[in-house]
Amino acid sequence: MLKSIRIMEKVANRSHLRHLVLWLVMIIELLLFLSACSADITSRKILQDGDSNPREVRLQTNDPNKVVIDNGLVEVTIENPSGYLTGIKYKGVDNVLESRHDNDNKGYWDIVWDKDVVDKMVTKHVKVITQTDDLVELSFTKEWNFTTDDRKTVPLNIDKRFIVRRGVPGVYMYGILERKEDFPDANMYQIRIAFKLKRDKFRFMAISDTIQRIMPSAEDRDNTRSQILAFKEAVLLTNPSNPQLRGEVDDKYQYSSENKDNKLHGWISDDEAVGFWIITPSNEFRTGGPHKQDLTSHVGPTALSMFVSTHYTGTEIDIAYKTGEPWKKVFGPVLIYLNSASGDDDYRKTLWNDAKRQLSEEIEIWPYNFTRSEDFPHAEQRGEVNGQLLVRDRYMDKELMQAQSAFVGLAAPGYAGSWQTEGKGYQFWTQTDENGRFNIKNVRSGEYNLYAWVHGFIGNYKLDLNITIQPGNKINLGTLIFDPPRNGPTLWEIGIPDRTAAEFFVPEPHPKLMNSISIDDADKFRQYGLWDRYSDIYRHGDLVYTVDVSNYSRDWFFAHVPRNIGNSTTRPTTWQIKYNLEDLNGTGNYTLQLALAAATYAEIQVRFNKPDAIRPYFTTSRIGSDNAVARHGIHGLYRLYSINVPGDRLQKGDNTIFLTQTRDHGSFNAVMYDYIRLEGPTV
């Protein structure tokens, strides 16, 4: 009996222990859950503070000079009938825009067109499109008239839209621009929306998770507080209002971003812990494809929503509009989003994380279903395209290879790679999965070509088939095969085929010309003056690269620039690639694959073993105007040259290729190489 009781006690104790363990596990899980909820609540304070029953949207039109939309979170004021955004009232800030500016210099659209004239797209009429408790949409319009407007304003019909929704602390903006068939010729170099924020409030700028900082003021760039460097956009801060910024360089191009990454940026007012953000949930209306770089935010404080520009492309991007070519395009919508946080030590992080959360929500509901323009199709009026992309290169693999993380997109019909200079239509891009599969969703109706490029392979892919998208259709293209340019086996290679010069040697900047926002190695190329570091490092002679000895990440300078010899004088430079051919096929044909990541008024001449030959074996002629070196880019437009080299041009044993950048009108006549490969004869 006693033994039985002891056994029962042991069982009871074990059962009790199991219950204790179970309770402990439950308590730990509960604490972790509460912690996660707390973190989420912190990042979402603005949406939760008094927002459980958001107020209806109200429209005020009693003042003939302005209209006001108020949803209880933001109060948006627009000048009537110009369409200038003159005020955004939020929390404790009566106007986040700079009230000391004129109305045409607060929140406005503008276009840079013929002869670099700036047109601020003043409208003449306002119309209420939608007015409900949940939403107000306004339209500000102007129709171009040849008699009154020719050579005075850009030949466009303009429709600027503003939307304020219930429960959303911000304003959506989009524009519908149209050219009739009989409108005169015009070049439109830049189309954007600009916002000038309160100078004494917004000092902290955030572009990405790693690019965030306190910024100089606009006054700090005056000639009494700074020194202009090689061009007006770049200044050295000599006596800034914030002493911590003394000795730093400021240049708006240091904060540029690729279209695919340029989804969120903005400013924070430290006084009120208030954030002002531009959220761009789609790139369909931007030009030049996913890798085109453009401005974001910069000193002012200024925040930009860039739609069209020649930045990092030059006028190779299509900006010419001709009589007889009707055109219409919707730019946007983008969301101007405001948020706030308590003044704790982490409020900047809280505001940034909340803005990222809002971006995710906007992407999730794109394309918006609340717009009321017939020119902006909703999801059910769009189509999608899917398929799989494989790569065939028998010199790399006898089997077909999956095009992993390839960029695949739909753009206006053209030639392979034309998407990077296409400037008038819509583009829709995605990346493939690990098996090369892709799904391009929410494509507007129209006719497109399908384009792609694959990391690790040179060249451009284009499907030789026009794709017509109609509302609601889903097109399965099946399996597509990309045959990258290739004539023979690889004898040697320099770099990685990724359309940038990022893998090459990017030097440390001059210690007195630093910008602390770019101290991360991945952003080192953003530093000012790197072009002059070539002449410092290679002071005794130009770059010499020896295959199988040199390391391209250490021994290949990121940009082929002229030599600075002082007194504002530059000289051409010749780089050498030394290699050995143990087995030479004198009757075969070799191929030099020369891929460029950028070019600015440059010319590369190629010579084989004869540096003094009067005529080069090959020349690119003068190419490029992307200005990527001066604008702190790591790439501009991609170019590929497949150069056929007869075997009798080479020699058994030691060989040298001479690459001469001949143009020397300034420090920025340069190219960036993406990748160089010598291929042997076909086997």
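Values in this document were obtained by computation on a predicted structure and should not be read as measured data.

**Considerations on the overall build of the protein**
Stage number 1. Scanning the protein from N- to C-terminus turns up 6 helices and 46 strands.
Stage number 2. Taking 26 Å as the expected radius of gyration for a compact globule of 683 residues, we find that the protein reaches 29 Å, a close match to that expectation.
Stage number 3. Here the protein holds 683 residues, and the buried ones make up 55% of them.
Stage number 4. Considering only residue pairs separated by 6 or more positions, the protein has 71% of its internal contacts joining residues 24 or more positions apart.
Stage number 5. For the protein, the exposed surface amounts to about 30300 Å²; the carbon and sulfur share of it is 48%.
Stage number 6. On the protein, the mean spot of the 82 positive side-chain charges and the mean spot of the 90 negative ones are 1 Å from each other.

**Observations regarding the sheet that holds strand S36 (residues 544–546)**
Stage number 1. With respect to topology, 5 strands assemble into an open sheet ordered S36-S39-S45-S41-S42, the strand pairing being mixed. One side of each edge strand has no neighbouring strand; the edge strands of this open sheet are S36 and strand S42 (618–619).
Stage number 2. The pairing of strand S41 (residues 604–608) with strand S45 (residues 653–661) spans 5 bridges and is classified as antiparallel. Paired with Ile604 across the strands is Gln661, a residue of S45.

**Description of helix H4 (residues 347–364)**
Stage number 1. In this model H4 runs 26 Å from its N-terminal to its C-terminal C-alpha over 18 residues, within 8% of the 26 Å that 1.5 Å per residue would give.
Stage number 2. By the burial criterion, the buried members of H4 are Tyr347, Thr350, Leu351, Trp352, Asp354, Ala355, Arg357, Gln358, Leu359 and Glu362.

**Overview of the packing of aromatic side chains**
To describe a pair of aromatic rings, one takes the distance between the centres and the angle between the planes.
Stage number 1. Scanning the model with the defined rule gives 42 aromatic pairs in all.
Stage number 2. Measuring from ring centre to ring centre gives 5.9 Å for Phe428 and Tyr448, while their planes differ by 85 degrees; the resulting arrangement is edge-to-face. Taken together, the residues span a long stretch of sequence, with Phe428 in strand S29 (residues 428–431) and Tyr448 in strand S31 (residues 446–453) at a distance of 20 residues.
Stage number 3. Taken together, the ring pairs connect Trp109, Tyr172, Tyr174, Phe285, Phe307, Tyr321, Trp327, Phe331, Trp366, Tyr368, Phe370 and Phe376 into an aromatic cluster.
Stage number 4. Positioned over the ring face of Tyr321 is Lys424, at 4.8 Å from the centre of the ring.

**Here we look at the sheet that holds strand S14 (residues 212–214)**
Stage number 1. With antiparallel pairing, the 9 strands of this open sheet are ordered in space as S7-S8-S9-S10-S25-S20-S19-S13-S14. Taken across any chain shown, the strands that pair with only one partner, and hence form the sheet edges, are strand S7 (125–131) and S14. Averaged over all neighbouring strand pairs, the angle between strand axes comes to 20 degrees, with direction disregarded.
Stage number 2. Both strand S19 (residues 264–269) and strand S20 (residues 274–279) contribute to a ladder of 6 bridges, which runs antiparallel. By the bridge assignment, Trp267 is partnered in S20 with Phe276.
Stage number 3. Against the sheet, H4 engages strand S10 (170–179), strand S13 (202–206), S14, S19, S20 and strand S25 (327–340), with an angle of about 145 degrees to S25.

How each quantity is defined
- Residues numbered from 1 in each chain as written.
- Predicted model: local features only at pLDDT ≥ 70, side-chain atom pairs only at ≥ 80, totals over all residues.
- Heavy atoms only, no water.
- Helix = DSSP H or I, 4+ residues; strand = E, 2+ residues; numbered from the N terminus.
- Rg over C-alpha atoms; globule rule 2.2 N^0.38 Å.
- Buried < 20%, exposed > 50% of the residue type's maximum accessible area, 1.4 Å probe, protein only.
- Contact = heavy atoms within 4.5 Å.
- Areas by Shrake-Rupley, 256 points an atom, 1.4 Å probe, with all protein chains shown as cover.
- Lys, Arg positive; Asp, Glu negative; His and termini not counted.
- Charge placed at Lys NZ, Arg CZ, Asp CG, Glu CD.
- Pairing = 2+ DSSP bridges.
- Expected span 1.5 Å × (residues − 1).
- Phe/Tyr/Trp six-rings, centres within 6.5 Å; stacked < 30°, edge-to-face > 60°.
- Lys NZ or Arg CZ within 6 Å of the ring centre and 35° of its normal.
- Axes fitted to C-alpha atoms, helices over the stretch in contact; angles between N-to-C directions.

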